Amino acid sequence: MLIKTITKQDLATEAALQLCNATIDKAKKLGISVCISVVNSSGLSLASVAMNNAPLLSQGISHKKAFTAASFGIPTKEWQTRLSERNNALLALQSEPDFTFLGGGLPILLGGSVIGAIGVSGGSEQQDIDCATTAINSLS
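Please read these numbers as outputs of a predicted model, since none were measured by experiment.

Caption draft 1: Structural view of the pattern of salt bridges. On inspection of all chains with the given rule, the structure shows three salt bridges. Measuring nitrogen to oxygen at the nearest pair gives 3.1 Å for the salt bridge that ties glutamate 125 to lysine 77. Placement of the pair is glutamate 125 in helix α5 (residues 125-137) and lysine 77 in the loop between α2 (58-72) and α3 (78-84), with a sequence separation of 48 residues. According to the relative accessible area criterion, glutamate 125 is partly exposed, its value standing at 29%. Note on lysine 77: relative accessible area 35%, which makes it partly exposed. A salt bridge links arginine 82 to glutamate 78, with the shortest nitrogen-to-oxygen separation between them at 3.9 Å. With a gap of four residues between them, arginine 82 and glutamate 78 both fall in helix α3, about one helical turn apart. A relative accessible area of 34% means that arginine 82 is categorised as partly exposed.

Set out below in structure tokens:
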């Protein structure tokens, strides 16, 4: 019997740390304190940072943002529009403990495939998105 396998690429730990540092730099420029979570394509944590004075709840929220973005390969904010369509199957996602529709979770893509994700929490929704976007842009 022939066993079929796949090979996938994942974000490296060094890249996860680079994402955290770039996020911290952006957050400082915005005058906010955030929590950052970076996961691989399977949603497993690669790096997690809480800046001093970041809201306590932001640590768990940043992980949910990263996990959701890695799970579906889309920014978490896009779920706001999708959920507004009132599709029962989609609405059921809201009861999942690691799911969130709050903006600030972005997938990290390489060649169209998800290799990881970042979640940022602690600022306004737009500030979280800006921090995550700046961090991903620092990789290229």
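Caption draft 2: Fine view of the sheet that holds strand β1 (residues 35-40). The strand order across the open sheet built from four strands is β2-β1-β4-β3, with neighbouring strands paired in antiparallel fashion. Either end of the sheet is taken by a strand with one partner, and the two such strands are β2 (45-50) and β3 (105-110). Between one strand axis and the next, the sheet turns by 15° as a mean value, whatever way the strands run. Both β1 and β2 contribute to a ladder of five bridges, which runs antiparallel. Bridging from a neighbouring strand, serine 37 pairs with serine 48 of β2.

Caption draft 3: Main features of the pairing of strand β4 (residues 113-121). Along β4, seven of the nine residues are buried, which leaves the element largely enclosed by surrounding structure. With six bridges connecting them, β3 and β4 associate as antiparallel partners. Within β4, the position partnered with leucine 106 by the bridge is isoleucine 118. Where β3 folds back onto β4 in an antiparallel hairpin, the turn is made up of two residues, including glycine 111, whose phi is positive at roughly 60°.

Caption draft 4: Broad picture of the packing of aromatic side chains. Scanning the entire structure with this criterion turns up three aromatic pairs. Measuring from ring centre to ring centre gives 5.4 Å for tryptophan 79 and phenylalanine 99, while their planes differ by 80°; the resulting arrangement is edge-to-face. Taken together, the residues span a long stretch of sequence, with tryptophan 79 in helix α3 and phenylalanine 99 in the loop between α4 (88-91) and β3 at a distance of 20 residues. Taken together, the ring pairs connect Phe72, Trp79 and Phe99 into an aromatic cluster. Over the ring of tryptophan 79 we find arginine 82, and its NZ or CZ is 5.3 Å from the ring centre.

Caption draft 5: A look at α2. For α2, with 15 residues, the first-to-last C-alpha span of 21 Å sits near the 21 Å given by 1.5 Å per residue. Taken together, the buried positions of α2 are occupied by Ser58, Ser62, Lys65, Ala66, Thr68, Ala69 and Ala70. As for α2, its buried residues are in contact with β1, α3, β3, β4 and α5. At the C-terminal side of α2, glycine 73 shows a positive phi close to 70°.

Caption draft 6: Summary view of the nonpolar core. Leu11, Leu19, Val34, Ile36, Val38 and Ile118 are the most contacted members of the largest nonpolar core, which has 22 residues in total. For this core, the secondary-structure elements that each account for two or more residues are α1 (13-30), β1, β3, β4 and α5. The element that contributes the greatest number of residues to this core is α1, accounting for seven residues. The contact partners of leucine 19, leaving out residues within four places of it in the chain, are Leu11, Val38, Ile108, Ile118, Ala135, Ile136 and Leu139. Judged by nonpolar contacts, the second largest core, of six residues, contains Ile74, Leu83, Leu90 and Phe99.

Reading the values: rules and limits
- Residues numbered from 1 in each chain as written.
- Predicted model: local features only at pLDDT ≥ 70, side-chain atom pairs only at ≥ 80, totals over all residues.
- Heavy atoms only, no water.
- Salt bridge = Lys/Arg side-chain N within 4 Å of Asp/Glu carboxyl O.
- Helix = DSSP H or I, 4+ residues; strand = E, 2+ residues; numbered from the N terminus.
- Buried < 20%, exposed > 50% of the residue type's maximum accessible area, 1.4 Å probe, protein only.
- Pairing = 2+ DSSP bridges.
- Axes fitted to C-alpha atoms, helices over the stretch in contact; angles between N-to-C directions.
- Phe/Tyr/Trp six-rings, centres within 6.5 Å; stacked < 30°, edge-to-face > 60°.
- Lys NZ or Arg CZ within 6 Å of the ring centre and 35° of its normal.
- Expected span 1.5 Å × (residues − 1).
- Contact = heavy atoms within 4.5 Å.
- Core = buried A, V, L, I, M, F, W, Y, C linked by side-chain atoms within 4.5 Å.

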